[in-house]
Amino acid sequence: MKKNLALIGMSGTLKSTVGRRLAKKLQLLFIDTDDMIEFETGRSIPEIFELAGEDYFRSLERKLVASLSDYDGAVISTGGGVGADDENMRALSEHCTVVWLDATPRTIFYRLKNTKRTRPKLEPFSLKKVEELCLLRKADYARHADVKIDTDFCNASRVAQKITDFLDCEGGFVTLFSYFLFFRRCCLFCSGDIPPAR
């Protein structure tokens, strides 16, 4: 079993909620790549897209993902674009068991419909947009994942149980990690191209 667990998939497949539950259950560190980028830049992801563009955001994402190899015993919830990026997935696959959380476009649409968070790749938000992005990314997710877990008709607890069942079949999971390393290795990924947050 590899030393970390990475959750990939579309927004609305419960990655962050499931990741937190898994980390607590397995006594692992939880890392959310989107949250880390927002913390380090002082900007929301929609603001980064607006002020510096998607290419800049993806460069921050790649730097962060590359740094995650230093962790030992973490559950990593990734942004929807990470699992569709070959460079990111080469880096993650070296040290992570990769779990693809999947759902139908309709399930994703209804889960996201009433959330306040804006997702630039799904704007203007519609079922058609969700369907198009799912279709675009599905083959990449499938190619990079060690296992696919369907989240339709499941709550986060049930999905977390499905993943732990898979890990048990694979021989368990190492639960050693260092919080000191987590805080020491948190780098400032913003290079100054984005105006500072007010």
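Structure first, text after, so check above.
Treat the numbers as computed from the prediction; the structure is a model and nothing was measured. Within each chain, residues carry numbers counting from 1 in the order of the written sequence. Per-residue local features of the predicted model are confined to residues with pLDDT of at least 70, and side-chain atom pairs are confined, for both listing and counting, to 80 or more; whole-chain, interface and lining totals are unaffected and use all residues. Excluding hydrogens and water, the side-chain figures rest on all heavy atoms present in the structure.

(A) Quick look at the overall build of the protein chain. The helix and strand tally for the protein chain stands at nine helices and five strands. Reading the helices (α) and strands (β) of the protein chain from amino to carboxyl end gives β-α-β-α-α-α-β-α-β-α-α-β-α-α. Exposure is judged per residue with a 1.4 Å probe applied to protein chains only, and the accessible area is read against the type maximum: over 50% gives exposed, under 20% gives buried, and values in between give partly exposed. For the protein chain, the proportion of its 198 residues judged to be buried stands at 49%. Sequence separation of at least 24 residues holds for 78% of the intrachain contacts in the protein chain that already meet a minimum separation of 6. The Shrake-Rupley method, run with a 1.4 Å probe, gives the accessible areas here. Residue values count only the displayed protein chains as cover. Accessible area for the protein chain stands at about 10,000 Å²; split by element, carbon and sulfur atoms hold 52% of it. Secondary structure follows DSSP: runs of H or I at least 4 residues long count as helices, runs of E at least 2 residues long count as strands, and numbering of each begins at the N terminus. Whether two residues are in contact is decided by their heavy atoms: any pair within 4.5 Å suffices.

(B) Spotlight on the pattern of salt bridges. The salt bridge criterion pairs a side-chain nitrogen of Lys or Arg with a carboxyl oxygen of Asp or Glu, the two atoms within 4 Å. Across all of its chains, the model carries 14 salt bridges by this definition. A salt bridge links Glu61 to Arg58, with the shortest nitrogen-to-oxygen separation between them at 2.9 Å. Here Glu61 pairs with Arg58, and both are found in helix 4 (residues 54–67), just three residues apart, close to one helical turn. The same class applies to Glu61 and to Arg58, which are both buried.

(C) Spatial organisation of the packing of helix 4 against helix 5 (residues 86–95). To obtain each axis, a line is fitted to C-alpha atoms, and for helices this fit is confined to the stretch in contact; angles are then taken between N-to-C directions over 0 to 180 degrees. Put simply, helix 4 and helix 5 touch, their axes get as near as 9 Å, and they point 10° apart. Here helix 5 runs roughly parallel to helix 4, going by the angle between their axes. Mapping the contact onto sequence places Glu61, Arg62 and Val65 in helix 4 and Glu87, Asn88, Ala91 and Leu92 in helix 5. Residues are grouped as follows: Ala, Val, Leu, Ile, Met, Phe, Trp, Tyr, Cys and Pro are nonpolar; Asp, Glu, Lys and Arg are charged; every other residue, Gly included, is polar. The residue makeup of the contact of helix 4 with helix 5, split by class, is three nonpolar, one polar and three charged. For this classification, under 35 degrees means roughly parallel, over 145 means roughly antiparallel, 65 to 115 means roughly perpendicular, and everything else is oblique.

(D) Geometry of the sheet that holds strand 1 (residues 4–8). A pair of strands is treated as paired once DSSP finds two or more bridges between them. One open sheet holds the five strands; their spatial order is 2-3-1-4-5, and the pairing between them is parallel. At either margin of the open sheet sits one strand with a lone partner, and together these are strand 2 (29–32) and strand 5 (147–150). If you compare each strand with its neighbour and ignore which way they point, the axes differ by 20° on average. As defined by bridge partners, strand 1 adjoins strand 4 (residues 96–102) across five bridges and the pair is classed as parallel. In the sheet register, Ile8 faces strand 4, and the bridge partner there is Trp100. Along the sheet, helix 8 (residues 156–169) makes contact with strand 1, strand 4 and strand 5, crossing strand 5 at roughly 155°.

(E) Examining unusual backbone geometry more closely. For the bond from Glu123 to Pro124, the omega torsion is -5°, close enough to zero to count as cis. With respect to the helices and strands, Pro124 occurs in the loop between helix 6 (105–113) and helix 7 (127–144). The phi torsion at Leu14 lies on the positive side, around 75°, for a residue other than glycine. Considering the arrangement of structural elements, one finds Leu14 in the loop between strand 1 and helix 1 (15–26). A positive phi angle is found at Gln27, which is not glycine, with a value near 60°. The residue Gln27 is located in the loop between helix 1 and strand 2 in this model. Judged by relative accessible area, which is 58%, Gln27 ranks as exposed.

(F) A look at the nonpolar core. Grouped together as the largest cluster of nonpolar side chains are 36 residues, with contacts concentrated most on Ile8, Ile31, Leu68, Ile76, Leu92 and Ile108. Here, nonpolar core means buried Ala, Val, Leu, Ile, Met, Phe, Trp, Tyr and Cys residues that are tied together by side-chain atoms lying within 4.5 Å of each other. Counting 20 residues, the second largest nonpolar core, distinct from the first, contains Leu7, Leu28, Val159 and Leu167.

(G) Representation of the pairing of strand 3 (residues 74–77). Neither face of strand 3 is left uncovered, since the one carrying Ala74 and Ile76 and the one carrying Val75 and Ser77 both have all their residues buried. Here strand 1 runs beside strand 3; their pairing, made up of three bridges, is parallel. Residue pairing across strands places Leu7 opposite Ser77, the latter belonging to strand 3.

(H) Broad picture of the packing of helix 2 (residues 33–41) against helix 4. As a packed pair, helix 2 and helix 4 sit with axes 10 Å apart at the nearest point and diverge in direction by 110°. In terms of orientation, helix 2 lies roughly perpendicular with respect to helix 4. For the pair formed by helix 2 and helix 4, the contact residues are Thr33, Asp34, Met36, Ile37 and Thr41 on the first element and Phe57, Leu60, Glu61 and Leu64 on the second. Residue classes in the contact of helix 2 with helix 4 are distributed as five nonpolar, two polar and two charged.

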